[in-house]
Amino acid sequence: MASSDDGGSSAPRDVPGSYGLPLVGAVRDRLDFYYFQGQDKYFESRVERYGSTVVRINVPPGPFMARDPRVVAVLDAKSFPVLFDMDKVEKKDLFTGTYMPSTSLTGGYRVCSYLDPSEPTHTKVKQMLFSLLLSRKDDVIPTFRSNFSALLATVESQLAKSGGKADFNKLNDVTSFDFIGEAYFGVRPSATDLGSGGPTKAAKWLIWQLHPLVTLGLPMVLEEPLLHTFHLPPFLVKGDYRALYKYFSTAAKQALDTAEGLGLSREEACHNLLFATTFNSYGGLKVLFPGLLANVANAGEKLHEKLVAEIRGAVAEAGGKVTLAAVEKMELAKSVVWESLRLDPPVKFQYGHAKKDLLIESHDAVFQVKKGEMLFGYQPCATKDPRVFGDTAKEFVPDRFVGEEGSKLLQYVYWSNGRETENPSVDNKQCPGKNFVVLVGRLFLVELFLRYDTFTAEVATELLGASVVFTAVTKATSGAGS
Ligand code: HEM
């Protein structure tokens, strides 16, 4: 379904909405966001109240971590892409939004995610990451397969115990950490001095940066002072960071050589590699795979049968091997990955400061915004916009992106901080891991359905996304490739 486009013809309006009283309004809204309404309701209710998908609201955390919680929120598929336009927005120091974690959590550097493309270091670091991913492209499939087949073997042994269940998220945390280290640098973190402690150290370091934005499900009286009012002191996570850094400084020698060639110091490059691997990549996969698995589990046996047929057919055609060419032929699997990224984008918030006075178009109106104002997008509202995705916008439709008609909708898939039809570059802020992520999403389905005809799982929600516990798997009866 195409979006209706009558916004351009109407006269510019002021953005509706309210920030409430200073301080009190922001704290009140923060409580709504975490406890009284929850994220989705928080945004949806304000869209309803003001009859507009572009609204003025406060975003968390507010006092005392954020200097200014006031934003102009863009909450539909049409207005959201203003955040991708580097002529219109500046993306300096706002990766995490209205607050920025201390740079002592990143070796004293402002790492790539916090840099605007106009800053020369942004180009150098992003180029380093493109080179790294390119240089390792032939290693991704075999490394993925060895790590995730071992994960599934563990799932089976856990299920075999009486009344057995297998907690996928726990296994994924350990496996994804090793997989990324091995895929990027050829060295499994667990085989180094880090031992099995890597994922825990990484998770702790992530919490130190993201605690203002999450709720751990503890009583409000504890979480408010502990997580949402002041920064957790960086020195408490220094030892963990140092251990992670040591892994990168030794395992990533080749990537660091490349970085020096691009004009980066080894030290700045290493802190950036740590961040891109541990925050961007590992943090992403921690949420991506459980979300994908949850959607596929809930879709049930009929979808599993179709995926089995497509995946095993393509692998058989490739002589029983999982090759990139075989994976490219799996149209349904690719659509399933995109649909999951559309429905549950792992990174839900995006920000940008207006570079100049702007006009922003929603489906229904044109709004004026002043230079310097903070723009904010809550991605689930944009990628579940019924004006684009119709009556099924909030449902998981596995084959939504299959075929010519389906592919026309890809321009409205925004998970990578850009349209799925566009590509990351040194001049934009689109995720450099875009192709890698869609590839590993498909490899995950390949591994699952070469091995199983079907499976069942219990699905729930946790800190950053879905949690999935396998309850049964039915081993493949025919045609599974190697
Ligand atoms: C940027 C999502 C995986 C590296 C971003 C942004 C998003 C995103 C939304 C833009 C943030 C903003 O500026 O507002 C994701 C998701 C992933 C994922 C959902 C996995 C499921 C990866 C991987 C890499 C990576 C595998 C490895 C290279 C980066 C970097 C940036 C970035 C370095 C900053 C880009 C820039 O400054 O131009 N990612 N990402 N991400 N991502 Fe990813």
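For the structure itself, consult the block above.
Parameters at a glance
Residues numbered from 1 in each chain as written. Predicted model: local features only at pLDDT ≥ 70, side-chain atom pairs only at ≥ 80, totals over all residues. Heavy atoms only, no water. Patch = residues over 30% accessible without salt bridge, like charges linked within 9 Å, V, L, I, M, F, W, Y side chains within 5 Å. Areas by Shrake-Rupley, 256 points an atom, 1.4 Å probe, with all protein chains shown as cover. Salt bridge = Lys/Arg side-chain N within 4 Å of Asp/Glu carboxyl O. Helix = DSSP H or I, 4+ residues; strand = E, 2+ residues; numbered from the N terminus. 1 Å grid on protein atoms, 1.4 Å probe; cavity = no way out; pocket = protein on both sides within 12 Å on 5 of 7 lines; lining within 4 Å. Points joined across faces, edges and corners; volume = space filled by probe spheres on them. Nonpolar A, V, L, I, M, F, W, Y, C, P; charged D, E, K, R; others polar. Pairing = 2+ DSSP bridges. Polar contact = N/O pair within 3.5 Å; in protein donor to acceptor, adjacent residues only side chain to side chain. Contact = heavy atoms within 4.5 Å. Near = heavy atom within 4 Å. Core = buried A, V, L, I, M, F, W, Y, C linked by side-chain atoms within 4.5 Å. Buried < 20%, exposed > 50% of the residue type's maximum accessible area, 1.4 Å probe, protein only. Expected span 1.5 Å × (residues − 1). Arc of directions from axis to C-beta.

Novice: Just checking my understanding: could you explain a nonpolar patch on the surface for this structure?
Specialist: Nonpolar side chains collect at one region of the surface, where L216, L218, V221, L222, L463 and L464 lie side by side and expose about 520 Å² of accessible area between them. In this structure, L464 sits in the loop between strand 10 (452–461) and strand 11 (466–475).

Novice: What's the story with the layout of surface pockets in this structure? I'm lost.
Specialist: One way to see where empty space is left: roll a probe the size of a water molecule over the atoms. The volume enclosed by the second largest pocket comes to roughly 490 Å³. In this structure, the second largest pocket is lined by 17 residues; those nearest its centre are L133, K137, N435, F436 and L439. Those elements giving two or more residues to the lining of the second largest pocket turn out to be helix 3 (120–135), helix 4 (140–160), helix 12 (324–328) and helix 17 (434–451). Tallying contributions element by element places helix 17 first for the lining of the second largest pocket, with 4 residues. A class-by-class count of the residues in the lining of the second largest pocket yields 11 nonpolar, 2 polar and 4 charged.

Novice: Hey, could you run me through the sheet that holds strand 5 (residues 166–167) in this one?
Specialist: Paired through their backbone hydrogen bonds, the strands of a sheet run either parallel or antiparallel. Spatially, the 3 strands line up as an open sheet ordered 5-11-10, and their pairing is antiparallel. If you trace the sheet from one side to the other, it starts and ends with strand 5 and strand 10, each paired once. Pairing geometry for strand 10 and strand 11, over 9 bridges, is antiparallel. Looking across to strand 11, one finds that T461 is bridged to A466.

Novice: So what exactly am I meant to see when it comes to the side chain of D29 here?
Specialist: With respect to the secondary-structure elements, D29 resides in helix 1 (residues 24–36). At 2.8 Å, the side chain of D29 forms a polar contact with the side chain of N58. In contact with D29, other than residues within four places in its own chain, are Y42, R46 and N58.

Novice: Which parts of the structure should I look at to understand the site of the ligand?
Specialist: Close to the ligand lie 24 residues, the nearest being K91, H122, K126, K429 and C431. Here K91 contributes a side-chain N or O atom positioned 3.0 Å from an oxygen atom of the ligand. Contacts to the ligand include C112, whose backbone N or O atom sits 3.3 Å from an oxygen atom. Considering every element that reaches the shell around the ligand, the biggest residue donor is helix 10 (residues 266–299), with 4 residues. The class makeup of the residues in the shell around the ligand is 12 nonpolar, 9 polar and 3 charged.

Novice: What exactly am I supposed to notice about the nonpolar core here?
Specialist: Inside soluble globular proteins, nonpolar side chains tend to come together where they are buried. Counting residues in each nonpolar core, the largest one holds 144 residues, and the members touching the most others are F179, F185, L273 and F470. Among the elements that make up this core, the one with the highest residue count is helix 10 (16 residues). Leaving out residues up to four positions away in the same chain, F185 has contacts with L132, R136, I180, Y247, F248, A251, A252, A255, L273 and T277.

Novice: Honestly, helix 3 in this entry has me stumped. Any pointers?
Specialist: One turn of the α-helix equals 3.6 residues, which is why residues spaced by three or four share an orientation. Counted at 1.5 Å a residue, the expected span for helix 3 with its 16 residues is 22 Å, and the 23 Å between its end C-alpha atoms agrees. Taken together, the buried positions of helix 3 are H122, V125, K126, M128, L129 and L132. One face of helix 3 carries all of its buried residues, which in axial projection span an arc of 150°. Turned more than 90 degrees away from the buried face of helix 3, the exposed residues are P120, L134 and S135. Looking at the buried positions of helix 3, the neighbouring elements they touch are helix 5 (168–185), helix 9 (253–261) and helix 10.

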